[in-house]
Amino acid sequence: MHDIVPFALVVVVGALALLAAVGSSRISEWVRVPTPAIFLVAASFVADAFPHLGALSIPADQRIVTVALILILFDGGMHIGLGRFRPVAGGVVWLGVAGTFVTAGALAVLAHGLFDFDWRAALLLGAALAPTDPAVVFSVLGRREVAGRTGTLLEGESGANDPVGIALMLAILGSSGGGWGAVTHGIGEFTLQMALGVAFGLAGGIALRWLLQHLPLPNEALYPLRTVAFAFLLYGVTTLAHGSGFLAVFLAGIMVGDTRAPYKREIERFASALGSLGEIIAFTVLGLSIPLSEVLGHGRAWTGIALAALLIVVVRPLFVGLVLAPIRLRSGERAFVLWAGLKGAVPILLGTYVVAEGVPGADRIYAVIFVVVLVSVVVQGGLVPTLARLWHVRMRVVEPEPWALGMRFRDEPEGLHRLVVTPGSAADGTPIEDLPLEEDVWISMVSRGGRLVQVRGTTVLQAGDEVLALASDRSVISRLFTGT
C-alpha cells in the first residue's frame with residue numbers, strides 16, 4: 001500500500017503532461033512555432049532542470065521511439081492508400097532511395113571538409129540526417145492539406161526514406177574497418193533489409209486485407225486492436241528475418257489504406273490517434289535524452305546551425321533537386337517539395353544508435369543532430385505555410401467534422417459508393433437532374449463543407465462535394481464525378 005500515493009502522483013503528472021501536449025496545437029498556432037519543436041525543446045529543458053526525468057537508458061529510448069515510429073508509419077501508409085500511391089510510386093521510390101543516399105553523401109563530405117569530423121563519423125552524421133518527416137510538415141500546415149501529387153510525394157518520400165535511412169545507418173554501424181570489404185558488406189546488408197522489407201510488407205498487407213474482410217470478431221472494439229497488433233507483429237517478424245520492419249509496416253499500411261472492410265473508419269481513427277500520440281511521445285522522449293546545456297555547449301550549437309543552413313540552402317535544393325528533376329512537377333511544387341523536406345524524430349533516433357554503439361565523438365554527433373532537427377523544424381517548418389502560398393501549391397482546408405450521420409449494416413452494402421466531385425469533372429457545376437445517370441443510379445446524400453445538402457433534381461453539385469450514390473457499376477459514375 002505504501003506505493004499507492006507516489007504512483008498516483010506519477011499518474012497525475014503523466015496525465016497533465018499528456019493533456020498539455022494534446023493542447024499544445026493551440027499554442028503552436030498562437031506562437032507560430034511547430035508543435036514538434038515545442039515538445040523537443042521543452043523536454044530538453046526539463047532534462048536540464050530535472051536530470052532524473054531523463055534517466056532512461058539509450059536502449060529504453062530507442063525501444064519507446066521504435067514503437068512510436070511503427071504507429072506513425074503504419075498510419076501514414078494507411079493515409080496514403082494504394083490508390084494515391086500507385087500514380088507516384090516510381091517517383092516515391094526514386095526520391096526515397098536516391099534522395100537519401102545523395103543527402104547522406106553530401107552531408108558527409110561537408111561535415112568532413114568543413115567541421116573536422118573523421119570520415120566514419122561524417123558518414124554516420126549524414127545517414128542520420130538524410131530522412132525527412134512530413135508529419136512535421138502537416139502539423140505545421142494545421143488544418144490545411146497539400147493536394148494532388150505534391151502531398152502524396154511528400155508523404156511517400158518520408159515513409160520510404162525513414163526505413164532507407166535506418167537501414168543505411170545500421171549498415172554503416174555494422175561495417176567494421178575500411179576498404180572495399182566494408183563497403184561491400186554494407187551494400188549487402190542494406191540490399192537485404194530493403195528486399196525483405198518489401199517482400200514482407202507486400203505479403204503482410206495482403207494477409208491483413210484478408211483478415212479485415214473475411215475474419216469477423218465478436219466486438220467492434222477488437223477490430224482496431226487486431227489491426228495495430230498485426231502491424232507490430234509484421235515489424236517484429238520482418239526484423240527477426242533481418243529485413244526492414246519499418247518499410248514492411250509502411251507498405252502494409254498502404255496496401256490496406258483503400259480496402260473496404262468492416263469497421264474500417266474506426267480502424268483508421270484509432271490508428272490516426274495512436275500515430276499522433278506516437279509523435280508526441282517520440283519527440284518528448286528524444287528531448288529528454290539530452291539536456292539543453294549539452295546541446296548548446298562546446299560550440300556544438302554553431303556547428304549544428306551551420307550544417308542545418310547548408311542542408312537547407314545547398315544540399316536539399318541542389319543535390320536532391322537533381323534527383324527530383326525527372327519527376328513531373330510544376331516549378332512551384334518542385335520548390336515546395338525541396339523546401340518541405342523537414343527533419344524530425346528519425347534523425348535523433350539514429351543519433352541514439354551512434355551513442356549506443358560507442359562511436360568516438362558520439363556525444364558531439366548527437367548534439368549536432370539535435371540542433372539540425374530543431375533548426376529544420378523551426379525555420380523550415382515556420383516558413384512552410386508562407387512559401388506554400390507564394391509558390392501557389394494547391395491545398396485544401398480540412399475542417400473538423402465532429403458529427404457523423406450513417407447506418408450500420410450486417411453485410412457490406414452492395415452498390416454504395418462514396419465519391420468526391422473533382423474540379424472540372426462533368427458533375428462540377430451541374431444540377432443532379434442534368435447528369436447523364438442511368439436508371440439504377442441514385443444519389444442519396446451530399447455533404448458540402450461538412451454540412452448536409454438537401455438532394456433534389458435542381459441541386460447543383462460543386463467541386464469538393466462528397467456524394468453517396470447507389471449504383472451497380474462504380475466506373476460509370478466515377479467518370480462523371482472524378483473525370484477518371
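> Before we move on, can you summarise the nonpolar core with the specific residues and values?
F117, L125, M169 and L307 are the most contacted members of the largest nonpolar core, which totals 112 residues. A total of 21 residues in this core trace back to one element, the largest contributor, which is helix α3 (residues 58-115). Among all residues touching L307, those that are not within four sequence positions of it are L107, L110, F115, L125, L129, V368 and V372.

> Describe the pairing of strand β4 (residues 442-448), with residues and values.
One ladder, built from five bridges, connects β4 with strand β6 (residues 466-470); its direction is antiparallel. Paired with I443 across the two strands is A469, which belongs to β6. Sheet topology note: the β4/strand β5 (residues 451-453) ladder contains three bridges and is antiparallel. Bridging from a neighbouring strand, R448 pairs with R451 of β5. Here β4 folds back onto β5 in antiparallel fashion, the turn holding two residues, of which G449 has a positive phi close to 60°.

> Tell me about the sheet that holds β4, and name the residues and values.
Spatially, the four strands line up as an open sheet ordered β3-β6-β4-β5, and their pairing is antiparallel. Two strands in the sheet have a free side with no partner beyond their single neighbour: β3 (416-420) and β5. When the angles between neighbouring strand axes are averaged without regard to direction, this sheet yields 25°.

> For the packing of helix α8 (residues 222-240) against helix α9 (residues 245-257), give the residues involved together with the corresponding values.
Closest axis-to-axis distance for the α8/α9 pair is 8 Å, and the angle between their directions is 145°. The hand of the α8/α9 crossing is right-handed. Taken together, the residues of α9 that come into contact with α8 (itself represented by A231, L234, Y235, T238 and T239) are G245, F246, A248, V249 and A252. Counted by class, the contact of α8 with α9 contains seven nonpolar, three polar and no charged residues.

> Which residues make up the packing of aromatic side chains, and what are the values?
Scanning all chains against the criterion turns up three aromatic pairs. Residues Y223 and Y263 carry aromatic rings whose centres are separated by 4.7 Å and whose planes lie at 45° to one another, so their mutual orientation is tilted. Residue Y223 is located in helix α8, and its partner Y263 is located in the loop between α9 and α10 (264-288); the two are separated by 40 residues in the primary sequence. Among the residues examined, Y263 registers a relative accessible area of 26% and is labelled partly exposed. Of note, R364 hangs over the ring of F117, and the distance from its end group to the ring centre comes to 3.9 Å.

> Could you give me a rundown of the side chain of S289, with the residues and numbers involved?
Within the fold, S289 resides in the loop between α10 and α11 (292-296). In this structure the side chain of S289 is engaged in a polar contact, spanning 2.5 Å, whose partner is the backbone oxygen of L286. Excluding its chain neighbours within four sequence positions, the residues that come into contact with S289 are D61 and Y366.

> Describe the pairing of β3, and please don't skip the residues or the numbers.
Side chains of β3 alternate between two faces, with H417 and L419 buried and L416, R418 and V420 left unburied. For β3 and β6, the ladder comprises five bridges, and the chain directions are antiparallel. Following the sheet pairing, L419 is matched in β6 by V467.

> Now, about helix α14 (residues 345-356): what can you tell me, with residues and values included?
Taking 1.5 Å per residue, twelve residues should reach 16 Å; α14 reaches 17 Å between its end C-alpha atoms and fits that length. Where burial is concerned, most of α14 is hidden: ten out of the twelve residues are buried. All of the buried residues along α14 are A345, V346, P347, I348, L349, L350, G351, T352, Y353 and V354. Residues of α14 that are buried in the fold lie against α2 (35-49), α3, α4 (119-129), α6 (148-174), α10 and α15 (362-390). Positive phi appears at G358, one or two residues downstream of α14, with a value of about 70°.

> Run through the confidence of the model for the chain, naming residues and quoting values.
Low pLDDT means the predicted coordinates in that region are not meant to be read closely. Per-residue confidence for the chain gives a mean pLDDT of 83, with 87% of residues at or over 70. Here helix α5 (residues 134-141) stands out as the element of the chain with the lowest mean pLDDT, 66, in contrast to α8, whose mean of 94 is the highest.

> Tell me about the pattern of salt bridges, and please be specific about residues and values.
As enumerated under the stated definition, the model contains six salt bridges in all. Between R84 and E155 there is a salt bridge, with the nearest N and O atoms lying 3.0 Å from each other. With R84 in helix α3 and E155 in helix α6, the pair connects residues that are 71 residues apart, well separated along the chain. Overall, the relative accessible area of 29% leaves R84 in the partly exposed class. When its relative accessible area of 12% is taken as the criterion, E155 is described as buried. With a closest N to O distance of 2.9 Å, R448 and D465 form a salt bridge. Highlighted residues: R448 in strand β4 and D465 in the loop between β5 and β6, separated in sequence by 17 residues. Overall, the relative accessible area of 1% leaves D465 in the buried class. Residues joined by salt bridges that share partners form a network here, namely K264, R265 and E268.

> For unusual backbone geometry, give the residues involved together with the corresponding values.
A positive phi angle, near 65°, is found at D116, a position not held by glycine. As for its position among the elements, D116 is in the loop between α3 and α4. For H392, which is not a glycine, the phi torsion comes out positive at approximately 55°. Counting through the fold element by element, H392 comes out in the loop between α15 and β2 (395-397).

Quick notes on the rules
- Residues numbered from 1 in each chain as written.
- Predicted model: local features only at pLDDT ≥ 70, side-chain atom pairs only at ≥ 80, totals over all residues.
- Heavy atoms only, no water.
- Core = buried A, V, L, I, M, F, W, Y, C linked by side-chain atoms within 4.5 Å.
- Buried < 20%, exposed > 50% of the residue type's maximum accessible area, 1.4 Å probe, protein only.
- Helix = DSSP H or I, 4+ residues; strand = E, 2+ residues; numbered from the N terminus.
- Contact = heavy atoms within 4.5 Å.
- Pairing = 2+ DSSP bridges.
- Axes fitted to C-alpha atoms, helices over the stretch in contact; angles between N-to-C directions.
- Left-handed = near helix turned anticlockwise from the far one by under 90°.
- Nonpolar A, V, L, I, M, F, W, Y, C, P; charged D, E, K, R; others polar.
- Phe/Tyr/Trp six-rings, centres within 6.5 Å; stacked < 30°, edge-to-face > 60°.
- Lys NZ or Arg CZ within 6 Å of the ring centre and 35° of its normal.
- Polar contact = N/O pair within 3.5 Å; in protein donor to acceptor, adjacent residues only side chain to side chain.
- Expected span 1.5 Å × (residues − 1).
- pLDDT = per-residue confidence, 0-100.
- Salt bridge = Lys/Arg side-chain N within 4 Å of Asp/Glu carboxyl O.

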